[in-house]
Amino acid sequence: MSKTTAEKKERAERRISAFTCILMCAMTVAAQIAISLLLTTFLREKAGYCYAVLEVIGAVIAIRVYQRPGSPSYKLAWMCLLLGLPVAGMILFVLWGGTHQAKRLSLRKIPPVPQRESERMASEVNLARLRRQSPEWGRLAAYLQKRGFWLCRNTQAHYFGDGAAFFDDLIAHLEQAEVYIFLEYYILAEGQIWDRIFDVLKRRAAAGVGVYIIFDDFGNLTRLSGETLRAMQDAGLEVQVFNPVHRYVSRIYFNYRDHRKIAVIDGQVAYTGGINLADEYANLVERFGHWKDSAVRIEGEGAWGFAVQFLQMWKMMGGTLPNEDDYYRSRHEAAEAVGFCQPFSDGPLNNPDNPIEETYLQLIASAKRLLYLTTPYYAVEEAMQKSLCIAADAGVDVRLCIPAIPDHKLTYLVAETYWGELLRHGVKIYKYSPGFLHAKSVLVDREVALIGSTNMDYRTFQLHYETAALFYRMPVVEELLEDMDGIMAQSALYTLEEWDRRPWYRRAFASLLKLGAIWL
């Protein structure tokens, strides 16, 4: 059998395996729903008194759900289900974990990665400096610092508004690794990009560099074969798979994903943003038109924040490392740089405390002149929707950049339901005409920028492990602004008239979908 034929056969087998896995999960969820509904019908018809008691119990649970802290949308969805279909609602509530988004994933409870007292004190000094320059940004930085995310100086950042340039830069720095490489990505897909990266990783591992990789199982069901995984392990790469789908087919735990994009090299250089390790991010293959994305390279003190995030996840997944945590710090003195950098992260184990959602709210509320946002998905709580409307009403130039060609049509329909209110309050919505805009960023008053893996939707704020960095008064803020101006120059301004012209059936279907937006 020729190599080409063998590769085609292997790809076909991988797709069949992935399809079977997804089908099993879907059938399991469907069976749970069907059994719950059948039991509801049986009890209603054959055991009226029993059903009446269960209705009362369902109402009590719905009240308890209402009283819990957490997402109003999650509570509303469960309350409707518990009150409308009490038997089915209670069964699914137990099976799916209700409003407790933390879930019992196979993640160990471990203490935070120890931080040096000198770093805490330096963060306090940096916070005092930032507060003197800008009280509102000092307030945001203090909020994150209280959650263990230190405010750093002496950090340089370079922005990438193009996937091809990002990969060239990442690979060049991987080549220079002397001590270790950390890679944590939602998607790690076979293709030209991975071939280039794997070639470097093999050579660095052979030279004694420690290479540690985390990737999400659900994000790679059809993208990464068992053969490639074995090749990685045979090359000396340490690999962990986040939340294997097959382990949770009896519950919808595969909904909880590691969506972070992190690369750390020797504790000195780190990368984050929206770009995964796959060919479409460099437009080597076409999916949904031109794929527009972004990332940022961080050098200096701020890089350690991403190393800490990786170390924490590695240990939570049960991984071990041959050295103490301090071994993975940079060996180089950080060069002086202007401004401040604050890496931070979030995940379902924090719920109902959601640092990323709260950070977005504070950024929106602090805007005085301009507020630019890019996101591929939009499904937010009422508080964030209102915050954007209030900012626009107050005279802030609020601009939301979204894709013109969506990758998930149902989630795009849900996003449409929000746009009318935004437009009526003066928010400008730009649809990126060349294709799919996957970048996740916020820019406020040409002073502060957020760049990371974060979307503006329920998944980011409630379900996923995410990462991002805030840049206060650093040159990278202007680099982001320049790219955003370019995005808007290539975009079509969406109007309220267009929104009003949507067909009635599209509106009706989108409204129904919105009720279940927390599960999309």
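Residues numbered from 1 in each chain as written. Predicted model: local features only at pLDDT ≥ 70, side-chain atom pairs only at ≥ 80, totals over all residues. Heavy atoms only, no water.

Trainee: Kindly report on the pairing of strand β3 (residues 210-216), identifying the contributing residues and their values.
Mentor: With respect to burial, β3 is a largely interior element, seven of its seven residues being buried. A two-sided burial pattern is seen for β3, the buried positions comprising Gly210, Tyr212, Ile214 and Asp216 on one face and Val211, Ile213 and Phe215 on the other. In this structure, strand β2 (residues 180-185) lies alongside β3, joined through six bridges in parallel fashion. Within β3, the residue paired with phenylalanine 182 across the bridge is tyrosine 212. Running through helix α8 (residues 192-206), the crossover from β2 to the neighbouring parallel element β3 is right-handed. One ladder, built from five bridges, connects β3 with strand β4 (residues 238-242); its direction is parallel. (Buried < 20%, exposed > 50% of the residue type's maximum accessible area, 1.4 Å probe, protein only. Helix = DSSP H or I, 4+ residues; strand = E, 2+ residues; numbered from the N terminus. Pairing = 2+ DSSP bridges. Right-handed = clockwise from strand over helix to strand, strands pointing away.)

Trainee: Residue-level account of the packing of helix α11 (residues 355-366) against helix α12 (residues 382-393), with values.
Mentor: Here α11 crosses α12 at 15°, and the two axes come no closer than 9 Å. As summarised for this structure, α11 and α12 are arranged roughly parallel, according to the angle between their axes. Between α11 and α12 the crossing geometry is left-handed. Mapping the contact onto sequence places Glu357, Tyr360, Leu361 and Ile364 in α11 and Ala383, Met384, Ser387, Leu388 and Ala391 in α12. (Axes fitted to C-alpha atoms, helices over the stretch in contact; angles between N-to-C directions. Parallel < 35°, antiparallel > 145°, perpendicular 65-115°, else oblique. Left-handed = near helix turned anticlockwise from the far one by under 90°. Contact = heavy atoms within 4.5 Å.)

Trainee: Tell me about the layout of surface pockets, and please be specific about residues and values.
Mentor: Taken as a whole, the largest pocket spans an internal volume of roughly 1,400 Å³. In terms of lining, the largest pocket is formed by 48 residues, of which the most central are Gln115, Gly148, Gly305, Val308 and Gln309. Counting residues per element, the ones that place at least two in the lining of the largest pocket are α5 (117-133), α10 (303-316) and β9 (340-346). Per-element accounting of the lining of the largest pocket gives the leading share, seven residues, to α10. Residues of the lining of the largest pocket, tallied by class, amount to 19 nonpolar, 16 polar and 13 charged. Within this model, the second largest pocket holds a volume of roughly 910 Å³. Those elements giving two or more residues to the lining of the second largest pocket turn out to be α13 (409-424) and α14 (458-463). Grouping the constituent residues of the lining of the second largest pocket by class yields 18 nonpolar, ten polar and eight charged. (1 Å grid on protein atoms, 1.4 Å probe; cavity = no way out; pocket = protein on both sides within 12 Å on 5 of 7 lines; lining within 4 Å. Points joined across faces, edges and corners; volume = space filled by probe spheres on them. Nonpolar A, V, L, I, M, F, W, Y, C, P; charged D, E, K, R; others polar.)

Trainee: Could you give me a rundown of the nonpolar core, with the residues and numbers involved?
Mentor: Nonpolar side chains tend toward joint burial in soluble globular proteins. The biggest cluster of nonpolar side chains holds 62 residues, and the ones touching the most others in it are Leu371, Tyr378, Trp419 and Tyr472. Per element, the largest residue contribution to this core is eight residues, and it comes from α13. Residues contacting leucine 371, with those up to four places away along its chain left out, are Ile364, Leu388, Val396, Asp397, Val398, Arg399, Val442, Leu443 and Val444. Counting residues in each nonpolar core, the second largest holds 50 residues, with Phe182, Val264, Ala270 and Ile298 among its members. (Core = buried A, V, L, I, M, F, W, Y, C linked by side-chain atoms within 4.5 Å.)

Trainee: Summarise the packing of aromatic side chains; cite the residues concerned and give the values.
Mentor: Enumeration over the complete set of coordinates arrives at 23 aromatic pairs. Geometrically, the ring pair formed by tryptophan 291 and phenylalanine 436 is edge-to-face, given 4.8 Å between the ring centres and 75° between the ring planes. In this pair, tryptophan 291 sits in strand β7 (residues 290-292) while phenylalanine 436 sits in strand β13 (residues 435-437), placing the two residues 145 residues apart along the sequence. Each member of the pair, tryptophan 291 as well as phenylalanine 436, carries the same accessibility label: buried. Among the aromatic side chains, those forming a connected cluster through ring pairs are Tyr180, Phe182, Tyr212, Phe310, Trp314, Tyr327 and Tyr328. One cation-aromatic arrangement involves arginine 331 over tyrosine 327; the distance from NZ or CZ to the ring centre is 4.6 Å. (Phe/Tyr/Trp six-rings, centres within 6.5 Å; stacked < 30°, edge-to-face > 60°. Lys NZ or Arg CZ within 6 Å of the ring centre and 35° of its normal.)

Trainee: Outline the pairing of strand β14 (residues 441-444), supporting the account with residue identities and numerical values.
Mentor: On any regular strand, side chains alternate: one points to one face of the sheet, the next to the other face. The alternating pattern of β14 places Ser441 and Leu443 on one face and Val442 and Val444 on the opposite face, and all of these are buried. Where strand β10 (residues 370-374) and β14 come together, four bridges link them in antiparallel fashion. When the sheet's bridge partners are listed, tyrosine 372 is paired in β14 with leucine 443. Note that β14 and strand β15 (residues 448-452) share four bridges and pair antiparallel.

Trainee: Summarise α10; cite the residues concerned and give the values.
Mentor: Along its 14 residues, α10 runs 21 Å from first to last C-alpha, staying within 8% of the 20 Å computed at 1.5 Å per residue. Turning to α10, its buried residues are Ala303, Trp304, Phe306, Ala307, Val308, Gln309, Phe310, Leu311, Gln312, Met313, Trp314 and Met316. (Expected span 1.5 Å × (residues − 1).)

Trainee: With reference to specific residues and values, describe the sheet that holds β14.
Mentor: Taken in spatial order, the eight strands of this open sheet run β9-β16-β15-β14-β10-β11-β12-β17, and their pairing is mixed. Since the sheet does not close on itself, it has two edges, and those belong to β9 and β17 (491-494), each with one partner. In this sheet, neighbouring strand axes are inclined to one another by 15° on average, regardless of whether the strands run parallel or antiparallel. Relative to strand β12 (residues 428-432), strand β11 (residues 397-403) is paired through five bridges, and the arrangement is parallel.

Trainee: Pulling in residues and values, what's your account of the environment of glutamate 421?
Mentor: You can see glutamate 421 is positioned in helix α13. When the C-alpha positions of glutamate 421 and glutamine 385 are compared, they lie 8.5 Å apart, and in sequence the two are 36 residues distant. The residues contacting glutamate 421, other than those within four sequence positions of it, are Glu382, Gln385, Lys386 and Cys389. Looking at glutamate 421, its side chain comes within polar contact range of the side chain of glutamine 385, at 3.2 Å. (Polar contact = N/O pair within 3.5 Å; in protein donor to acceptor, adjacent residues only side chain to side chain.)

Trainee: Quick one: what's the story with the packing of α5 against helix α6 (residues 135-145), residue by residue and with numbers?
Mentor: Viewed as axis vectors pointing N to C, α5 and α6 meet at an angle of 155°, and their least axial separation amounts to 6 Å. Relative to α6, the element α5 is oriented roughly antiparallel. Crossing hand, α5 versus α6: left-handed. Seen from α5, the contacting residues are Ser123, Glu124, Leu127, Leu130, Arg131 and Gln133; seen from α6, they are Pro135, Trp137, Gly138, Ala141, Ala142 and Gln145. Considering only residue class, the contact of α5 with α6 consists of six nonpolar, four polar and two charged.

Trainee: I'd like a rundown of empty space enclosed by the protein, residues and numbers included.
Mentor: Across all of its chains, the model carries two cavities of 30 Å³ or more by this definition. Approximately 40 Å³ is the volume attributed to the second largest cavity. Along the walls of the second largest cavity sit Pro376, Tyr377, Tyr378, Ile402, Pro403, Thr411, Tyr412, Ala415 and Trp419, which together make up its complete lining. It is α13 that contributes the most residues to the lining of the second largest cavity, four residues altogether. The residue inventory of the lining of the second largest cavity, partitioned by class, reads eight nonpolar, one polar and no charged.

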